[in-house]
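In case you want the letters, here they are:
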Amino acid sequence: MNILAFHGSPRINGNSDILLEETLKAVDTSRHKVQVFRLNSMNIKPCQSCGGCEEAGICVIEDDMQQIFRAIREAHRIILASPIFFLGLSAQAKIMIDRCQALWCEKYLLKRPIPEGQYRRKGLLLLVGGMKKEIGTQCGEATAKAFFRTVSVSEHATLSFLGIDQKGAITQHPTALSDAYREGQKLIQE
Ligand SMILES: Cc1cc2nc3c(=O)[nH]c(=O)nc-3n(C[C@H](O)[C@H](O)[C@H](O)COP(=O)(O)O)c2cc1C
C-alpha cells in the first residue's frame, strides 16, 4: 500500500512528530511505500480562491502542492498529524487542506471523486494540544474530516491528546506511544 503522511507542526521532534513516527514504526516498509510530507518546510502558497480549479479540478498554482496532489491520488492510507493551534489545525496543515479545493471541485462539481481503490482508502488523524478542555480538538477534527471526505477517505480513526504542551512531553504520557503504534497497525490492515 501507499501510505501518505502529513506532518503539520513546525516543531521537528515535537509531540505530533513523535506520535507520527511511532505510528509509522508499525508499517513494514518492505511491503508498503511510506511518504512523509513535512509541510512546514515546503513551498505551498495558500489557496487564492481564483476559481482556476472549477472547470477541470486542477489547481493552477505551480508549487510543491502539485507533488502532494499526485501523492494524494495514489495513496491508499492518509495520516494527518497536527498540533492544535488556536483551537484548530496548524496553519501549515490548513494551507495544504485549503489547496485541496481543487479536489473538492473535481469530486463535487465535476462528479469525479478519487476512486476508493483496491484497499478502500482509510485515514488516521493525530492531534496534540496543550490545553485540557475537550473543545481543544473539535474544530481541528471537523476540518480534518472535511479534508478526508474531499480526498475520498470515507473512514478514519482519530487519536488525540490534550494537556501536552512542552516539546517531547508526549513521551511521558502513559499510553500515547503504544496507542499510536497500535493505530499504525490497524491502519495497514486490509
Ligand atoms: C501558535 C500556537 C497556538 C496554540 N494554540 C493552542 C490551542 O488553541 N489549544 C491547545 O490545546 N494548544 C495550543 N497550543 C499548544 C500546542 O498545541 C502544544 O504545544 C502541542 O503539544 C504542540 O505540538 P507539536 O510539538 O507537535 O508542535 C498552541 C501552540 C502554539 C505555538
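Shown above is the structure to which this text applies.
Residues numbered from 1 in each chain as written. Predicted model: local features only at pLDDT ≥ 70, side-chain atom pairs only at ≥ 80, totals over all residues. Heavy atoms only, no water.

(A) View of helix H1 (residues 15-25). Within H1, 9 of the 11 residues are buried, which leaves it mostly tucked inside the rest of the structure. Along H1, the residues that are buried comprise Asn15, Ser16, Asp17, Ile18, Leu19, Leu20, Glu22, Thr23 and Leu24. Tucked inside the fold, the buried residues of H1 contact strand S1 (2-7), strand S2 (33-38), strand S3 (77-85), strand S5 (122-128), strand S6 (155-161) and helix H6 (176-187). (Buried < 20%, exposed > 50% of the residue type's maximum accessible area, 1.4 Å probe, protein only. Helix = DSSP H or I, 4+ residues; strand = E, 2+ residues; numbered from the N terminus. Contact = heavy atoms within 4.5 Å.)

(B) Representation of the packing of H1 against H6 in the model. Relative to each other, H1 and H6 sit at 45 degrees, their axes nearing to 7 Å. Our classification of the angle between H1 and H6 gives oblique. The chirality of how H1 crosses H6 is right-handed. On H6, the residues that touch Ile18, Leu19, Glu22, Thr23 and Lys25 of H1 are Ala176, Leu177, Ala180, Tyr181 and Gly184. Classifying every residue of the contact of H1 with H6 gives 6 nonpolar, 2 polar and 2 charged. (Axes fitted to C-alpha atoms, helices over the stretch in contact; angles between N-to-C directions. Parallel < 35°, antiparallel > 145°, perpendicular 65-115°, else oblique. Left-handed = near helix turned anticlockwise from the far one by under 90°. Nonpolar A, V, L, I, M, F, W, Y, C, P; charged D, E, K, R; others polar.)

(C) Expanded view of the packing of aromatic side chains. Applying the stated criterion across every chain, the model contains 4 aromatic pairs. Consider the rings of Phe6 and Phe37, whose centres lie 6.0 Å apart with planes at 20 degrees: the pair is stacked. One end of the pair, Phe6, is in strand S1; the other, Phe37, is in strand S2, with 31 residues separating them in the sequence. Consider the rings of Phe147 and Phe148, whose centres lie 5.5 Å apart with planes at 40 degrees: the pair is tilted. Here the two residues Phe147 and Phe148 agree in accessibility, since each one is buried. (Phe/Tyr/Trp six-rings, centres within 6.5 Å; stacked < 30°, edge-to-face > 60°.)

(D) Spotlight on the pairing of S5. Burial analysis of S5 places 7 of its 7 residues in the buried class, the great majority of the element. Going residue by residue along S5, you find Lys122, Leu124, Leu126 and Val128 tucked away on one face and Gly123, Leu125 and Leu127 tucked away on the opposite face as well. Sheet topology note: the S3/S5 ladder contains 7 bridges and is parallel. Following the sheet pairing, Ile79 is matched in S5 by Leu124. (Pairing = 2+ DSSP bridges.)

(E) Representation of unusual backbone geometry within the structure. Unusually for a residue other than glycine, Phe86 sits at a positive phi of about 45 degrees. If you trace the backbone, Phe86 turns up in the loop between S3 and strand S4 (88-89). With phi around 70 degrees, Leu87 is a residue other than glycine that occupies positive phi space. Tracing the sequence through the fold places Leu87 in the loop between S3 and S4.

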